[in-house]
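# Notes for the structure review
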Amino acid sequence: MTDPDTTAMTACDVLIIGGGPAGSTAATLLARRGWKVVLLEKAAHPRFHIGESLLPMNMPILERLGVLEQVREIGVLKLGADFPVEGGAYNTFPFARALGASHGYAFHVKREEFDQLLFEHARSNGVDARDQVQVEQVAFAEDGGIAVHARQVAGRTMDPDAGVQSFRPRYLIDASGRDAFLGGKLKLKRKNQRHQSAAVFGHFTGVTPRDGDNAGNVSIFRHAHGWLWLIPLRDGVNSVGAVCSPEYLKTRQGDSEGFLMRTFASVPAAQDRMHGALLVGPVHVTGNYAYECTRMSGHNWLMLGDAYAFVDPMFSSGVYLAMNSAERGVEAVDSILRNPATEAATLAALERRLTRGLDEFKWFIYRFTSPTMKSLFASPRNIWQVEQAVISMLAGDVFDNPAVLRKLRVFRVIYAMTALRHAPSVARNWWQRRRERRAAFDGDTLQAERS
């Protein structure tokens with residue numbers, strides 16, 4: 001291995017780890033502001049990634065980037081989301097009903113196509129964008145200087161014969177997604193103790209679509225241990241997945257496809273959609289799904305998107321939160337590079353804003369499988385425009401719309417009042433979830449001690 005200390009350094013204003021939606025968006029916007037940007041992605045584009053569903057609030061960002069029409073060409077139109085009710089029926093929440101909605105639609109995309117589009121767009125905007133280059137070391141000096149050392153990837157591992165690529169950025173952005181590079185290095189990453197989950201997912205053909213305008217809906221079903229998703233993609237492909245408790249995942253026997261199909265079979269309405277479906281490609285399994293870092297930033301560095309926190313993808317918020325954090329992060333980094341004395345206040349304000357929006361999604365996610373939430377989603381009522389506010393949340397409008405935030409507080413009051421009527425079943429649900437989280441946490445702790 002080449003000694004990093006003897007390798008010539010490439011100076012740049014900003015180095016970004018990770019060429020997904022957050023990293024490519026931030027790189028493009030910073031380059032447009034005149035900064036010299038290096039973007040490093042460890043995989044080769046195109047590469048598989050889960051999380052194919054965008055939100056309406058993504059659309060203005062795509063417009064500002066100048067790629068909305070390109071995304072439209074590779075996407076499937078998404079006009080809303082649907083949730084089951086008794087008897088196999090479902091309720092649709094159309095985005096056009098959101099409060100003050102300017103974009104009543106979004107798209108589902110194959111992430112390998114979407115991410116490659118954004119990565120190449122960053123390169124066309126003057127970014128030094130390199131894929132198959134993996135960061136292996138970041139060194140922080142006492143004076144605030146940063147040295148980043150990376151290596152060319154061969155296949156899925158770093159090439160030991162390749163020379164080290166070393167950089168000295170003025171600012172470092174971690175957009176490494178669920179790798180959470182800095183979160184791991186600085187020991188900031190923590191499990192989300194309120195909501196532990198795992199996921200099993202794959203791509204299928206032959207899934208029965210919804211009818212008419214609902215054909216592009218993301219469909220969400222509850223099962224006894226979590227929830228299921230069906231997302232229509234191009235060319236007759238659907239993204240199909242089950243999010244479940246870690247304890248339920250441990251009951252998996254045999255192959256992962258069989259486990260996924262048995263979980264769908266436990267929900268008749270979901271099973272009906274999967275009748276005759278055929279798997280195309282591998283089934284993926286991931287655990288430790290939800291986490292967060294204890295802070296988002298430090299002197300001369302910042303985390304964006306999933307590198308900072310990852311929540312259950314129930315409401316398709318991942319790509320939007322990543323790109324929204326990228327836009328806001330660019331404003332912060334641009335301001336700091338021009339006036340370093342503002343760094344502490346700028347980063348604190350950024351973290352407060354992004355955490356506040358993230359918390360809106362978390363509140364719903366933590367309660368989604370409860371009897372109370374099931375009742376409210378099965379029979380939505382637009383008292384004081386509360387239903388429209390919930391649709392706005394589903395559309396991603398949780399940051400800068402005071403009317404939406406006020407109505408969501410009213411929804412919380414309605415939830416609390418409804419919960420009183422469901423108190424016995426709510427208590428049982430809470431106790432079961434608490435036991436599962438505790439068992440999963442204890443099991444992981446024991447395994448860590450043994451290793």
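Presented here is an overview of the structure given in this document. (Residues numbered from 1 in each chain as written. Predicted model: local features only at pLDDT ≥ 70, side-chain atom pairs only at ≥ 80, totals over all residues. Heavy atoms only, no water.)

### Topic: the sheet that holds strand β19 (residues 291–293)
An order of β12-β19-β22 is seen for the three strands of this open sheet, with the pairing classed as antiparallel. Among the strands making up the open sheet, the edge pair consists of β12 (189–191) and β22 (309–310). Summarising the sheet, β19 and β22 pair through two bridges and their orientation is antiparallel. Each bridged residue has a counterpart across the sheet, and for Y291 the counterpart in β22 is F310. (Pairing = 2+ DSSP bridges. Helix = DSSP H or I, 4+ residues; strand = E, 2+ residues; numbered from the N terminus.)

### Details of the packing of aromatic side chains
Tallied over the full model, the rule gives 17 aromatic pairs. Taken together, a centroid distance of 5.0 Å and an interplanar angle of 75 degrees make the contact between F83 and F377 edge-to-face. Separated by 294 residues along the polypeptide, F83 in strand β4 (residues 80–84) and F377 in helix α11 (residues 371–378) bring together distant segments of the chain. The class of F377 is buried, set by a relative accessible area of 3%. Here a set of aromatic residues connected by ring pairs shows up, and it is made of F83, F93, F315, W363, F364, F368, F377, F411 and Y415. Stacked on the ring of F310, the Lys or Arg R178 has its end atom at 5.0 Å from the ring centre. (Phe/Tyr/Trp six-rings, centres within 6.5 Å; stacked < 30°, edge-to-face > 60°. Buried < 20%, exposed > 50% of the residue type's maximum accessible area, 1.4 Å probe, protein only. Lys NZ or Arg CZ within 6 Å of the ring centre and 35° of its normal.)

### Quick look at the environment of K187
Structurally, the position occupied by K187 is in the loop between α5 (181–185) and β12. The exposure class of K187 is exposed, given its relative accessible area of 63%. Taking the C-alpha atoms as reference, K187 lies 8.5 Å from C293; in sequence the two are 106 residues apart.

### Thoughts on helix α2 (residues 58–65)
The buried fraction of α2 amounts to six of the eight residues, a majority that puts the element mostly inside the structure. Along α2, the positions that sit buried rather than exposed are N58, M59, P60, I61, L62 and L65. At its buried positions, α2 is contacted by α1 (21–32), α3 (68–74), β6 (106–108), α4 (111–124) and α9 (318–338). Immediately beyond the C-terminal end of α2, within one or two residues, lies G66, with a positive phi of roughly 90 degrees. (Contact = heavy atoms within 4.5 Å.)

### Examining unusual backbone geometry
With an omega of -5 degrees, the peptide bond between H45 and P46 qualifies as cis. Mapped onto the elements of the fold, P46 is located in the loop between β2 (37–41) and α2. For D235, which is not a glycine, the phi torsion comes out positive at approximately 65 degrees. Within the fold, D235 resides in the loop between β15 (226–232) and β16 (237–244).

### Observations regarding the pairing of β2
A regular strand carries its side chains on alternate faces of the sheet. Counting buried residues along β2, five of its five residues qualify, which places the element largely inside the surrounding structure. The alternating pattern of β2 places V37, L39 and E41 and V38 and L40 on opposite faces, both of which are buried. Sheet analysis places strand β1 (residues 9–17) next to β2, joined by four bridges and oriented parallel. If you follow L15 over to β2, its bridge partner there is V38. Note that the unit made of β1, α1 and β2 has a crossover that is right-handed. (Right-handed = clockwise from strand over helix to strand, strands pointing away.)

### Describing the pattern of salt bridges
Taken as a whole and judged by the stated rule, the model has 24 salt bridges. Close ionic contact of D235 with K110 constitutes a salt bridge, the shortest N to O distance being 3.5 Å. Here D235 is found in the loop between β15 and β16, whereas its partner K110 is found in the loop between β6 and α4, with 125 residues between them in sequence. You can call D235 exposed: its relative accessible area is 60%. On the basis of relative accessible area, K110 is assigned to the buried category, the value being 13%. We note a salt bridge from D400 to R328, for which the minimum N-O separation is 3.0 Å. With D400 in the loop between α12 (386–395) and α13 (402–421) and R328 in helix α9, this pair connects stretches of sequence that are 72 residues apart. Taking relative accessible area as the criterion, D400 reaches 48% and is therefore assigned partly exposed. (Salt bridge = Lys/Arg side-chain N within 4 Å of Asp/Glu carboxyl O.)

### Focus on the side chain of S219
Within the fold, S219 resides in strand β14 (residues 218–223). A relative accessible area of 0% means that S219 is categorised as buried. Side-chain polar atoms of S219 contact the side chain of R273, separated by 3.2 Å. Excluding residues within four positions of it along the chain, S219 makes contact with D82, R210, L228, W229, L230 and R273. (Polar contact = N/O pair within 3.5 Å; in protein donor to acceptor, adjacent residues only side chain to side chain.)

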